[in-house]
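Next come the chains, spelled out residue by residue.
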Amino acid sequence: MKILVCIKQVPQKDAPLKLNDDSTWIREDVSYEVNEPDAYALEEALRQKEKHGGEVTVITAGPARASQVLREALAKGADRAIHLEDDKFVRLDSANTARAIAAAVAPPLSDDNFDLIVTGLQSDDYGCAQTGVLLAEILGLPHATIIIGIEKTDGGLHLKRELEAGHYQFIDMKMPAVLTIQSGINKLRYATLIGIKQAKMKPMRKVTWAEVESKLSRNQQEIERLYVPQKQKKTEMIQGSAGEAARKLVEYLKNEARVI
Amino acid sequence: MADSILVVAEQREGKLNRVSFETIAAAQAISKDTGWPVEVVLAGNGVSALAQELAQKAVAKVYALESPTLEAYTSDSYVYALKSFISEKQPKLVLFPHTYQVRDFAPRLALALDRTLISDSIGYKHDGGKLLFTRQMFQGKFAADVSFAGDAPWLATIQIGTFRGDHAEAGSALVENVAAAVADSPARVTPHEVFQEAKQAVDLSQAEVIVAVGRGIKEQKNLALAEDLAKALGGEVAASRPICDNGWLPLERQIGSSGQTVAPKLYFALGISGAIQHIVGMKGSRTIVAINKDAEAPIFEIADVGVVGNLFDVVPAVTEEIKKARAGA
Ligand SMILES: Cc1cc2nc3c(=O)[nH]c(=O)nc-3n(C[C@H](O)[C@H](O)[C@H](O)COP(=O)(O)OP(=O)(O)OC[C@H]3O[C@@H](n4cnc5c(N)ncnc54)[C@H](O)[C@@H]3O)c2cc1C
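Residues numbered from 1 in each chain as written. Chains lettered and ligands numbered in written order. Predicted model: local features only at pLDDT ≥ 70, side-chain atom pairs only at ≥ 80, totals over all residues. Heavy atoms only, no water.

Some details on the overall build of chain A
Move 1: Check the secondary structure of chain A and you find seven helices and 13 strands.
Move 2: With the principal axes as the frame, chain A shows a C-alpha extent of 70 × 45 × 40 Å.
Move 3: Of the contacts formed within chain A by residues at least 6 apart in sequence, a portion of 68% connects residues at least 24 apart.
Move 4: Of the roughly 11,600 Å² of accessible surface on chain A, a fraction of 50% belongs to carbon and sulfur atoms.
Move 5: Of the side-chain charges in chain A, 36 are positive and 37 negative, and the distance between the mean point of each set is 4 Å. (Helix = DSSP H or I, 4+ residues; strand = E, 2+ residues; numbered from the N terminus. Contact = heavy atoms within 4.5 Å. Areas by Shrake-Rupley, 256 points an atom, 1.4 Å probe, with all protein chains shown as cover. Lys, Arg positive; Asp, Glu negative; His and termini not counted. Charge placed at Lys NZ, Arg CZ, Asp CG, Glu CD.)

Written as structure tokens, this is what we have:
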């Protein structure tokens, strides 16, 4: 099975984020990590390869710093990587991101014929939950979202989809296909020392902005303003040492909220 | 046709998804600002009765968009039918509830129409004639006002719980049955029945006090801290998704969009950041207490009372105070 995994680099969960000068994006001088659901998509791809043979390619669109998530993926066992490298990829809307990825894996830039394309169900930065689905539309492939189980069958794929409130559904589909993967589908592996060494020898193909630009269009949606959200409630913030805070909190619950 | 708002309502297996009324409420609010009348479309097979139910709201019209291919949901049949329907009606704005089903087909539908979808909106603004949708970014640490840069129809999805379905204005509209466009080729995904995993042993929706832990708890053995607090309060332990994904607590104790929805008298969020998918499952709680080391964690936006601190210090101290208070009472 030839599998493509689309992964993204996002600010680290604990990174304190600040707004840029015109309040349309964050200041980029923070620590980054791989988008969590994408890590699960990669793990699932590696497991499928181990079971059924084949090859795993990872792709990302982002600045030079984003090559870090590709190197980590190679260290975990991916075979090769594609980096759409440019700062401008950061501010593309989902449709244009999907167009850029599609262009990088299709003629004339390449003629990879992937059996399966997987990606996380959404990113921790934008959270639009669209890129995977749009990639399927652009490539003319069927897709399925929020997948928490993948089983390869003779005819294609037997998949478990998560639905709301503890509901599930099995679906069947043929390959090639695009799947968006839910966090928790598997247990993530760590890169081994040997893996990290081997990663250095693995091929990483760079794709420039100019090579895909003709496939992009103007963003059809725009962030006008980014800001710290207004509070929906008046929150009573309690100060002090752990002991003091605990005392004040319990007092509040007893006398103000009257819940204990 | 004149500018209008089209709400794409949702049903699954012959049952109306109640969040459809939230989206109608959103459309009614936008309609007040823009003057655009609201219409509703419900896709399915034999859904006239459900469309009648939607028609009890103050909307201009409800369309039952029907075909046997829409009996069970597939993205292919939905995209095909709705693309044709929307192309013909040319509404200014198309609104969907941000459900799993909508996440599955709406992006594709937007691109098939050569339009864009602003997903997961938690509000809107109508600013000097410009329509903006507000959505969370960076896991709720920031909000963004997003505008449409291209031509209508504009598509947007509305997060669950943003508008109140029971506030949707009542009225009486006409239902029109429309035969849906059907593709020549069959859907490429074969869906099977929707099911639930084994019956739940606990019913958290009945609990008066819930102590929920998140990834801040770090290790499974630290759950004892939450268990002690829950015991002192006579409450139940629950968790955010990553805790259940790790298998530290059973799925039936997961709170949020893919887990349980609860509204206890008292909800403790220990080391939970407050992602929207968690919030939708607990924001109806009467008193929400958040303990988090990050003063900027989004959970504080909906908490009634908050302590910024290390939960490993604060939680045991709270448990002691509760025990004292109980002993004194
Ligand atoms: C389709 C979909 C469905 C989902 N369904 C659900 C759902 O049903 N329920 C759900 O919960 N999530 C759900 N999620 C996941 C959700 O988006 C978040 O990833 C998840 O809720 C995060 O859990 P968390 O807050 O425990 O972890 P994190 O976001 O990692 O937050 C951990 C928090 O702990 C704090 N912390 C760390 N150490 C300490 C300490 N020593 N003392 C105090 N505080 C500390 C940190 O500051 C941080 O705020 C869903 C996501 C998607 C896309």
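Here's the deal with the overall build of chain B
Move 1: What chain B contains, in helices and strands, is eight helices and 17 strands.
Move 2: Across the 329 residues that make up chain B, the buried fraction comes to 60%.
Move 3: With an accessible surface of roughly 12,800 Å², chain B has 49% of that area assigned to carbon and sulfur atoms.
Move 4: Of note, chain B has its 32 positive side-chain charges centred 3 Å away from the centre of its 38 negative side-chain charges. (Buried < 20%, exposed > 50% of the residue type's maximum accessible area, 1.4 Å probe, protein only.)

Quick notes on the pairing of strand E14 (residues 236-239) of chain B
All names here are of chain B.
Move 1: Bridge analysis of strand E13 (residues 209-213) against E14 gives four bridges, and the strand direction is parallel. Each residue of the ladder has a partner; that of Val 211, found in E14, is Val 237.
Move 2: Considered for its hand, the β-α-β crossover made up of E13, helix H5 (residues 223-233) and E14 is right-handed. (Pairing = 2+ DSSP bridges. Right-handed = clockwise from strand over helix to strand, strands pointing away.)

Brief notes about the site of the ligand
Move 1: In the vicinity of the ligand lie 32 residues, with Ser 240, Ile 255, Ser 258, Ser 273 and Asn 292 of chain B positioned nearest.
Move 2: Mapping the residues adjacent to the ligand onto the chains of the assembly identifies chains A and B.
Move 3: Against a free-state accessible area of 980 Å², the protein chains account for coverage of 92% of the ligand. (Near = heavy atom within 4 Å.)

What about the domain arrangement of chain B?
Residue and element names in this part refer to chain B.
Move 1: Partitioning chain B into structural domains gives domain 1 (5-179) and domain 2 (204-328).
Move 2: The C-alpha-based centres of domain 1 and domain 2 are spaced at 34 Å.
Move 3: Counting across the domain 1 and domain 2 interface gives zero salt bridges.
Move 4: Counting across the domain 1 and domain 2 interface gives one residue pair in polar contact (both at pLDDT 80 or more). (Domains from an automatic or database assignment. Salt bridge = Lys/Arg side-chain N within 4 Å of Asp/Glu carboxyl O. Polar contact = N/O pair within 3.5 Å; in protein donor to acceptor, adjacent residues only side chain to side chain.)

Some points on the sheet that holds strand E5 (residues 80-85) of chain A
Move 1: Taken in spatial order, the 10 strands line up as E11(A)-E5(A)-E4(A)-E1(A)-E6(A)-E10(A)-E7(A)-E8(A)-E9(A)-E12(B) in an open sheet, and their pairing is mixed. Only two strands of the sheet have a single partner each, and these edge strands are strand E11 (204-208) of chain A together with strand E12 (189-196) of chain B. Strand-to-strand twist of the sheet, defined as the mean angle between neighbouring strand axes without regard to direction, takes the value 30°.
Move 2: Note that strand E6 (residues 116-120) of chain A and strand E10 (residues 177-181) of chain A share five bridges and pair parallel. Looking at E10 of chain A, one finds that Thr 119 of chain A is bridged to Thr 180 of chain A.
Move 3: Its contacts with the sheet place helix H1 (residues 36-52) of chain A against strand E1 (2-6), strand E4 (55-62), E6, strand E7 (143-152) and E10 of chain A, and it is angled at close to 170° to E1 of chain A. (Axes fitted to C-alpha atoms, helices over the stretch in contact; angles between N-to-C directions.)

Notes on helix H4 (residues 131-139) of chain A
Move 1: Listed as buried for H4 of chain A are Gly 132, Val 133, Leu 134, Leu 135 and Ala 136 of chain A.
Move 2: Summarising the contacts, the buried residues of H4 of chain A are in contact with E1, helix H3 (94-104), E6, E7 and E10 of chain A together with helix H4 (100-112) of chain B.
Move 3: Positive backbone phi, approximately 70°, marks Gly 140 of chain A, located one or two places after H4 of chain A.

Points about the pattern of salt bridges
Move 1: This model, assessed by the stated rule, comprises 34 salt bridges over all chains.
Move 2: Where Lys 49 of chain A meets Asp 79 of chain A, a salt bridge forms, and the shortest distance between an N and an O atom there is 3.2 Å. A residue pair is termed long-range when its members are at least 10 positions apart, and Lys 49 of chain A in helix H1 and Asp 79 of chain A in the loop between helix H2 (67-76) and E5 qualify at 30 residues.
Move 3: A salt bridge links Arg 241 of chain B to Glu 162 of chain A, with the nearest nitrogen and oxygen atoms 2.8 Å apart. Within this pair, whereas Arg 241 of chain B is found in helix H6 (residues 241-245), its partner Glu 162 of chain A is found in strand E8 (residues 157-162), the two belonging to separate chains.
Move 4: Taking the relative accessible area as the measure of exposure, Arg 241 of chain B reaches 18% and is therefore buried.
Move 5: Here the salt bridges share partners, and the residues they tie into one network are Lys 13, Glu 36 and Asp 124 of chain A together with Arg 215 of chain B.

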